[in-house]
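What the coordinates show
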Amino acid sequence: MPASSRSVRFATGNNGKMEEARIILSPFGIRPVALNGKGVEIQADTVSEVASYSARVASRKYKKALIVEDAGLFVESLGGFPGPFSSYAFKTLEIDGLLKLLKGEGSRRAHFASAVAYCTPSSEPKVFEGVVRGRILEAQAGSGGFGFDPVFLPDGSAKSMAQMTLEEKCAVSHRGRAMRKFGSWFVTTEP
Ligand code: ITT
């Protein structure tokens, strides 16, 4: 852990994301501080568009430099659903509803995508992306993480993301990949 520590505001209402951001950004000497809620969230085809728009609006609203993260689960045989609608799908369908949708499907290939957008009140957003590929399990396994973690098996892993420690999850996850790109950029670029 670097000796000096800098903070960055993270506009999110999701405590799981916040906890993971702390783990991922710590080696960069960056301490995320919660700003409650992303604020405005648009409907768009990509997580990058959603994160970028929300970061721009939130940075201007709060008059602060901040990050926003948008993430989603994209299931191939469902044409990428729930994708940018993952939060809504998780609340309404829940995990069992997703498993029902996939019953009898030949392919269970899926990926998580994350976009971290950084914006200051006077700049345009800068976006960092990360993806983890894998498959949807037939049944839930594990109780760690959040959201769809119990049914997501990353490629090359014997454990679902909910069976991993948060450190193990962050090492392979979409969020880990996107946030590490942000971290490297932030410590070398931002004054
Ligand atoms: P904020 O917008 O306040 O940051 P949120 O939970 O609404 O929090 P998203 O709009 O990015 O976040 O929703 C993404 C949804 O996708 C989330 O609610 C989960 O159901 C799912 N998801 C995203 N990342 C995940 C992860 O690492 N593990 C499991 N499910 C995840």
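So, here's what we can say about the structure. Bear in mind the structure is a predicted one, so any value in this text is a computation, not a measurement.

What counts as what
- All residue numbers here refer to positions counted from 1 along the written sequence of the relevant chain.
- It should be noted that, the model being predicted, local features are given only for residues of pLDDT at least 70 and side-chain atom pairs only at 80 or more, the latter also being counted only at that level, while totals for whole chains, interfaces and linings use all residues.
- Computation of side-chain values covers all heavy atoms of the structure but excludes hydrogens and water.
- Numbering of helices and strands runs from the N terminus, with a helix taken as a DSSP run of H or I at least four residues long and a strand as a DSSP run of E at least two residues long.
- Buried residues are those whose accessible area, probed at 1.4 Å on protein chains only, stays under 20% of the maximum for their type, while exposed residues exceed 50% and partly exposed ones sit between those limits.
- Contact criterion: two residues are considered in contact whenever any of their non-hydrogen atoms come within 4.5 Å of each other.
- The Shrake-Rupley method, run with a 1.4 Å probe sphere, supplies the accessible areas, and residue values consider only the shown protein chains as cover.
- Positive: Lys, Arg. Negative: Asp, Glu. His and the chain ends are not part of the count.
- Lysine's charge is taken at NZ, arginine's at CZ, aspartate's at CG and glutamate's at CD.
- The span expected for a helix works out to 1.5 Å for each residue beyond the first.
- Each Phe, Tyr or Trp ring, with Trp reduced to its six-membered ring, pairs with another whose centre is within 6.5 Å; inter-plane angles below 30 degrees give stacked pairs, above 60 give edge-to-face pairs, and intermediate values give tilted ones.
- Grouping buried Ala, Val, Leu, Ile, Met, Phe, Trp, Tyr and Cys residues that are joined through side-chain atoms within 4.5 Å yields what is termed a nonpolar core.
- Nearness is judged by heavy atoms alone; a residue qualifies as near a molecule or strand once a single heavy atom is within 4 Å of it.
- Under the rule applied, a polar contact is a pair of N or O atoms within 3.5 Å (in protein, one hydrogen donor and one hydrogen acceptor; residues adjacent in sequence only if both atoms are side-chain atoms).
- When residue character is reported, Ala, Val, Leu, Ile, Met, Phe, Trp, Tyr, Cys and Pro are called nonpolar, Asp, Glu, Lys and Arg charged, and the others, Gly included, polar.

Along its length, the protein carries six helices and seven strands. Secondary structure elements of the protein, listed N to C terminal, follow the sequence β-α-β-α-β-β-α-α-β-β-β-α-α. Projected onto its principal axes, the C-alpha coordinates of the protein cover approximately 55 × 35 × 20 Å. Within the span of the protein, comprising 191 residues, buried residues form 47% of the whole. Counting only contacts in the protein whose residues sit at least 6 apart along the sequence, the fraction spanning at least 24 positions is 63%. In the structure as shown, the protein presents an accessible area of about 9200 Å², 52% of it carried by carbon and sulfur atoms. Put simply, the protein has 25 plus and 19 minus side-chain charges, and the middle of one group is 6 Å from the middle of the other.

The next subject is helix H2 (residues 47–62). Owing to its 3.6 residues per turn, the α-helix brings residues three or four apart onto one side. If you check H2, its first and last C-alpha atoms are 22 Å apart, about what 16 residues at 1.5 Å a residue would give, namely 22 Å. Elements that come into contact with the buried residues of H2 comprise strand E3 (66–75), strand E5 (109–119) and strand E6 (126–136). Taken from the residues just after H2, Lys 63 is the one with a positive phi, measuring 55°.

This paragraph deals with the packing of aromatic side chains. Within the structure shown, the criterion is met by nine aromatic pairs. Look at Phe 128 and Trp 185: their rings are 5.4 Å apart centre to centre, the planes differ by 45°, and that puts the pair in the tilted class. Of this pair, Phe 128 sits in strand E6 while Trp 185 sits in helix H6 (residues 174–189); the two residues are 57 residues apart in sequence, bridging distant segments of the chain. Grouping aromatic residues by their ring pairs yields a cluster made of Tyr 118, Phe 128, Phe 182, Trp 185 and Phe 186.

Okay, the nonpolar core next. In summary, soluble globular proteins display a tendency toward joint burial of nonpolar side chains. Counting 17 residues, the largest nonpolar core has Val 8, Ile 67, Tyr 118, Met 179, Phe 182 and Phe 186 as its most contacted members. At the level of elements, strand E1 (6–12), helix H1 (15–25), E5 and H6 are the ones that each hand at least two residues to this core.

Every one of the 20 residues lining the ligand counts as a neighbour, but Thr 12, Gly 13, Lys 17, Asp 149 and Lys 169 are closest to it. At 3.1 Å, a backbone N or O of Phe 148 approaches a nitrogen atom of the ligand. Contact distances for the ligand include 2.6 Å between a nitrogen atom and a side-chain N or O atom of Asp 149. For the ligand, the accessible surface in isolation is 610 Å², of which the surrounding protein chains cover 92%. When residues of the shell around the ligand are traced back to their parent elements, those giving at least two are E3, helix H3 (86–92) and H6. In terms of residue class, the shell around the ligand is made up of five nonpolar, seven polar and eight charged.

Turning next to the side chain of Ser 48. Tracing the backbone through its elements, the reader meets Ser 48 in helix H2. What makes Ser 48 buried here is its relative accessible area of 15%. Once residues within four sequence positions are removed from consideration, Ser 48 is found in contact with Ala 115, Val 127 and Glu 129.

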